[in-house]
Amino acid sequence: MGSRASSLLREEDIEEIKKETGFSHSQITRLYSRFHSLDKGENGALSREDFQRIPELAINPLGDRIINAFFPEGEDQVNFRGFMRTLAHFRPVEDNEKNKDPSAGEPLNSRNNKLLFAFRLYDLDRDDKISRDELLQVLRMMVGVNISDEQLGSIADRTIQEADTNGDMCISFSEFIKVLEKVDVEQKMSIRFLH
């Protein structure tokens, strides 16, 4: 099946995906095989249901938010190239040094793009800021019923109080970056098997 899957991927497509995402030829063909095995409708695209069958996402409290990140607004399917673009955010950052192309833009797995990806997991209404309610919803997803609503509210209030520098009671992307300045985002948002 792996060889059949890789034979459906044209060499020029692989080269374009390599340039766009930084993945190697072998990583692309391996991930294409995985993509093909997830494509239960065999239509060259994945649906949300296809992603929900992935055990690691099914048990992840933010699984639905991660799944949503694969789909452009208003879309209900993602093709292989879109799948690879999203996965590229999880490539280890040190891979950027090997694939340095001065004419290329910022890599999808740069610190800034990893932070933007994480920010969007919290920005549920996509208005470019994280409100107290959005923060509460994500915290609730992460901890379930293990912490009382009062405790969660206190955590959300304290988080916004510490992050909100302009006093609008929300966390903007620039405030989000500032809060995570000393956090090793690259380590936390890298999947080693993509190495």
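Residues numbered from 1 in each chain as written. Predicted model: local features only at pLDDT ≥ 70, side-chain atom pairs only at ≥ 80, totals over all residues. Heavy atoms only, no water.

### Some details on helix H10 (residues 132-143)
We apply this condition: Each helix is a run of DSSP H or I of at least 4 residues and each strand a run of E of at least 2, with the numbering of both proceeding from the N terminus. How far a helix is expected to stretch is found by multiplying one less than its residue total by 1.5 Å.
The end-to-end C-alpha distance of H10, which contains 12 residues, comes to 16 Å, matching closely the 16 Å that a straight helix rising 1.5 Å per residue would cover. Where H10 terminates, the next one or two residues include Gly 144, which has phi positive at roughly 60°.

### Things to note about unusual backbone geometry
Despite not being glycine, Glu 42 shows a phi value in the positive range, around 50°. If you trace the backbone, Glu 42 turns up in the loop between helix H3 (25-38) and strand S1 (45-47). Of note in the backbone geometry, Met 169 takes a positive phi value of approximately 65° without being a glycine. Tracing the sequence through the fold places Met 169 in the loop between helix H11 (149-163) and strand S4 (171-172).

### Description of the UniProt feature "domain: EF-hand" (unreviewed entry) in the chain
Cut-off, in case you're wondering: UniProt positions are given in the numbering used here, feature names are shortened, and annotations may be inferred rather than shown by experiment.
Using the residue numbers shown here, the UniProt feature "domain: EF-hand" (unreviewed entry) corresponds to residues 26-61, 110-145 and 151-186. The span residues 26-61 shows a helical share of 64% and a strand share of 8%, and its end C-alpha atoms are spaced 31 Å apart. Split by type, residues 110-145 is 67% helix and 6% strand. Its first and last C-alpha atoms lie 34 Å apart.

### Quick notes on the pattern of salt bridges
A side chain of one charge can pair with a side chain of the opposite charge when the charged atoms of the two come close. To keep things clear, this is the line we draw: Between Lys or Arg on one side and Asp or Glu on the other, a salt bridge is scored when a side-chain nitrogen of the former is within 4 Å of a carboxyl oxygen of the latter. Three exposure classes are used, based on accessible area relative to the maximum for each residue type with a 1.4 Å probe and protein chains only: buried under 20%, partly exposed in between, and exposed over 50%.
Taken as a whole, this structure holds 11 salt bridges when the rule is applied. Close ionic contact of Asp 13 with Arg 10 constitutes a salt bridge, the shortest N to O distance being 3.3 Å. Overall, the relative accessible area of 47% leaves Arg 10 in the partly exposed class. Arg 126 is the partner of Glu 73 in a salt bridge, and the nearest nitrogen-oxygen pair spans 3.1 Å.

### Quick word on the nonpolar core
It is characteristic of soluble globular proteins that their nonpolar side chains tend to be buried jointly. Selection criterion: Buried residues of nine kinds, namely Ala, Val, Leu, Ile, Met, Phe, Trp, Tyr and Cys, make up a nonpolar core once their side-chain atoms join them within 4.5 Å. Domain delimitation follows an automatic or database domain assignment. Contacts: residue pairs with any heavy atoms within 4.5 Å of one another.
Ile 28, Phe 51, Phe 80, Phe 83, Met 84 and Phe 176 are the most contacted members of the largest nonpolar core, which totals 46 residues. Taken together, the elements giving at least two residues each to this core come down to helix H2 (11-21), H3, helix H6 (63-69), helix H7 (80-87), helix H9 (111-122), H10, H11 and helix H12 (173-179). Structurally, this core is a two-domain feature, drawing no fewer than three residues from each of domain 1 (13-89) and domain 2 (108-190). Ignoring anything within four residues of it in the chain, the contact list for Phe 51 reads Leu 46, Leu 57, Ile 67, Phe 70, Phe 71, Val 78 and Phe 83.

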